[in-house]
Amino acid sequence: ETVSEVLLSQRHPSEMRGRTVGIIGVDLGVGASTLAVQLATASSVDCQLQTILVDADSRQRSVSKLFRANGSPGLVELVSGIASHDECVQHVTSVPVDLVPSAGETCDEVLTAEAPEIVQALQAYLVDTDLLIVDLAAASQPDQATALARHLDSVIVVVESEKTQVADAKRLLRHLTHSNTDVIGIVLTKTKTYLPSVLRKFVST
């Protein structure tokens, strides 16, 4: 809910297209994909925004696997020109969110296109969409997540309590800042109950 309020505050009524928000974890398994799904659901249900969730992590494919959506083409095929925009959008029945999976079930390829080309492929979805949430690969992976992040309107960074190294988080934030990426929030996941209440109100879990 808190993150949804932040996103709504970033949107301007005069804009003629939707906004793009990337979710990037410092490490693998910090909960970035889970946050992306929760955010997309909250955006659609609570905020009544037309929302599309994009699985841009073509190695892990966590979001696609969660919704068992790998049976049809996705972002890899879209960027390569194999499939059309309409073919790559799936209507998820469990939540009122449209999904662009990472790739089809029989596709073993990963995203190799340059970040501007990937973003350009997603532009067509913004005409009729309020919010395009992009689940990015972890910053620690050999992908171009940080390069893609800089081409999105804004980014949320995800760190895991007692796992993510402070130096790694600082390195990512410094890189995003230097590339003029608009970081609108840092989400701390899997916090323990002994986190002082005075600090707990500043983070989302």
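What you see is a predicted model, and the numbers here were worked out from it, not measured in a lab. (Residues numbered from 1 in each chain as written. Predicted model: local features only at pLDDT ≥ 70, side-chain atom pairs only at ≥ 80, totals over all residues. Heavy atoms only, no water.)

Colleague: Mind laying out the nonpolar core, listing which residues take part and the relevant values?
Modeller: With 39 residues, the main nonpolar core has V54, L75, V100, Y125, L136 and V157 as its most contacted residues. Listed by contribution, the elements that provide at least two residues to this core are strand 2 (51-55), helix 4 (75-80), helix 5 (115-122), strand 5 (131-135), helix 6 (145-149), strand 6 (154-160) and helix 7 (166-178). The leading source of residues in this core is helix 5, at 5 residues. In terms of nonpolar packing, the next biggest core, distinct from the first, is built from 22 residues, A32, A36, V63 and V158 among them. (Core = buried A, V, L, I, M, F, W, Y, C linked by side-chain atoms within 4.5 Å. Buried < 20%, exposed > 50% of the residue type's maximum accessible area, 1.4 Å probe, protein only. Helix = DSSP H or I, 4+ residues; strand = E, 2+ residues; numbered from the N terminus.)

Colleague: Go over the sheet that holds strand 7 (residues 183-189) with me, naming the residues and quoting the values.
Modeller: With respect to topology, 7 strands assemble into an open sheet ordered 3-4-2-5-1-6-7, the strand pairing being mixed. Two strands in the sheet have a free side with no partner beyond their single neighbour: strand 3 (90-91) and strand 7. In this sheet, strand 5 lies alongside strand 1 (residues 19-25) in parallel orientation, the contact comprising 5 bridges. Across the sheet, residue T20 finds its bridge partner in strand 5, namely L132. Packing against the sheet, helix 7 makes contact with strand 1, strand 6 and strand 7, and its axis sits at approximately 175° to strand 6. (Pairing = 2+ DSSP bridges. Contact = heavy atoms within 4.5 Å. Axes fitted to C-alpha atoms, helices over the stretch in contact; angles between N-to-C directions.)

Colleague: An account of helix 5 is requested, with residue identities and associated values reported.
Modeller: Three or more residues of helix 5 are buried, namely A115, I118, V119, A121 and L122. Mapping the buried residues of helix 5 onto a view down its axis gives an arc of 155°, with all of them on the same face. In this structure, the buried side of helix 5 is in contact with strand 2, helix 4, strand 5 and helix 6. (Arc of directions from axis to C-beta.)

Colleague: Residues and numbers for the environment of C88, please.
Modeller: As for its placement among the helices and strands, C88 is situated in the loop between helix 4 and strand 3. You can call C88 buried: its relative accessible area is 0%. Taking C-alpha positions, C88 is 9.3 Å from S102, a pair spaced 14 residues apart along the chain. Apart from the residues within four sequence positions on either side, C88 is in contact with P73, G74, L78, A83, L99, V100, P101 and Y125.

Colleague: A description of the pattern of salt bridges should follow, citing residues and the corresponding values.
Modeller: Within the structure shown, the criterion is met by 2 salt bridges. Across the pair K163 and E160 runs a salt bridge whose closest N-O atoms are separated by 3.9 Å. By relative accessible area, which is 39% here, K163 ends up partly exposed. Take E160: its relative accessible area is 13%, and that puts it in the buried class. Across the pair D168 and R171 runs a salt bridge, and its minimum N-O distance is 2.8 Å. Residue D168 and its partner R171 are located together in helix 7, separated by 3 residues, close to a single helical turn. (Salt bridge = Lys/Arg side-chain N within 4 Å of Asp/Glu carboxyl O.)

Colleague: Which residues make up unusual backbone geometry, and what values go with them?
Modeller: With a phi close to 55°, Q48 is a non-glycine residue in the positive phi region. Looking at where Q48 falls in the secondary structure, it is placed in the loop between helix 2 (32-45) and strand 2. Among the residues examined, Q48 registers a relative accessible area of 64% and is labelled exposed. Of note, E162 is a non-glycine position whose phi angle comes to about 65°, a positive value. A relative accessible area of 56% means that E162 is categorised as exposed.

Colleague: Got a sec to walk through the environment of P73? Specific residues and values, please.
Modeller: Within the element layout of this structure, P73 appears in the loop between helix 3 (62-66) and helix 4. On the basis of relative accessibility, which here comes to 25%, the residue P73 falls in the partly exposed class. C-alpha of P73 to C-alpha of E105: the two residues are 32 residues apart in sequence and 7.8 Å apart in space. Not counting residues within four places of it along the chain, the set of residues in contact with P73 comprises A83, E87, C88, P101 and G104.

Limitation: the analysis is restricted to geometry and does not speak to function.
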